[in-house]
Amino acid sequence: MGLGFFLLPAGGVLSLTGVFLGSSTLIGLSWIMWAAGILLLIAQRYRRPPDPRQLAVAAAAGDARAVRGLRTLALDARSQGRPDAAERMLRQAVKAGDVESMWELGRLVQDREGLAAAEPWFRMAAGRGHVVARRLFRAGGELNRDGTSPL
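These numbers come from a predicted model, not from an experiment. (Residues numbered from 1 in each chain as written. Predicted model: local features only at pLDDT ≥ 70, side-chain atom pairs only at ≥ 80, totals over all residues. Heavy atoms only, no water.)

On to the nonpolar core. With 30 residues, the main nonpolar core has Leu70, Met89, Trp103, Leu105, Phe122, Leu136 and Phe137 as its most contacted residues. Listing elements by their share of this core, those giving two or more residues are helix H3 (52–60), helix H4 (64–79), helix H5 (83–95), helix H6 (99–113) and helix H7 (115–127). Those residues in contact with Met89 that lie beyond four places of it in its chain are Pro52, Leu70, Leu73, Ala74 and Ala77. (Core = buried A, V, L, I, M, F, W, Y, C linked by side-chain atoms within 4.5 Å. Buried < 20%, exposed > 50% of the residue type's maximum accessible area, 1.4 Å probe, protein only. Helix = DSSP H or I, 4+ residues; strand = E, 2+ residues; numbered from the N terminus. Contact = heavy atoms within 4.5 Å.)

Here you go:
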């Protein structure tokens, strides 16, 4: 969401409190909060989406926010029916060491090519501590195809 979604109701509460207490100071502050909230919402609406190429460069340099941004863009691309773009971005996030991207890339590959092709990605995520991916493997590393009794 964002700060704008917080400022609008908070401004309303402050305004009602100011009216109830007869405080023009609180009412004035509430107007400031409302104005700031509306401006933040407008600014957020017209903010340019991040450039995946810039995020990839920043992710390769170790910027964790850029890695999360790449993953978010990849999941958006996947939900919009652009799996090739999603795979490209997820692979860049995986190169930066993002465990969640390893899992998501495995899911994407599984949808396209099946579980056998996705297994290396799931195994990589499990090896780095991804809780759900770990459930796919039994003790000793055998693939647990049905997802039950992982031990």
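Applying the stated rule across the entire model yields nine salt bridges. Measuring nitrogen to oxygen at the nearest pair gives 3.6 Å for the salt bridge that ties Arg78 to Glu104. Here the residue Arg78 occupies a position in helix H4, and Glu104 occupies one in helix H6, the gap between them amounting to 26 residues. Exposure remark for Arg78: the relative accessible area of 21% places this residue in the partly exposed category. By relative accessible area, Glu104 is classed as buried at 8%. (Salt bridge = Lys/Arg side-chain N within 4 Å of Asp/Glu carboxyl O.)

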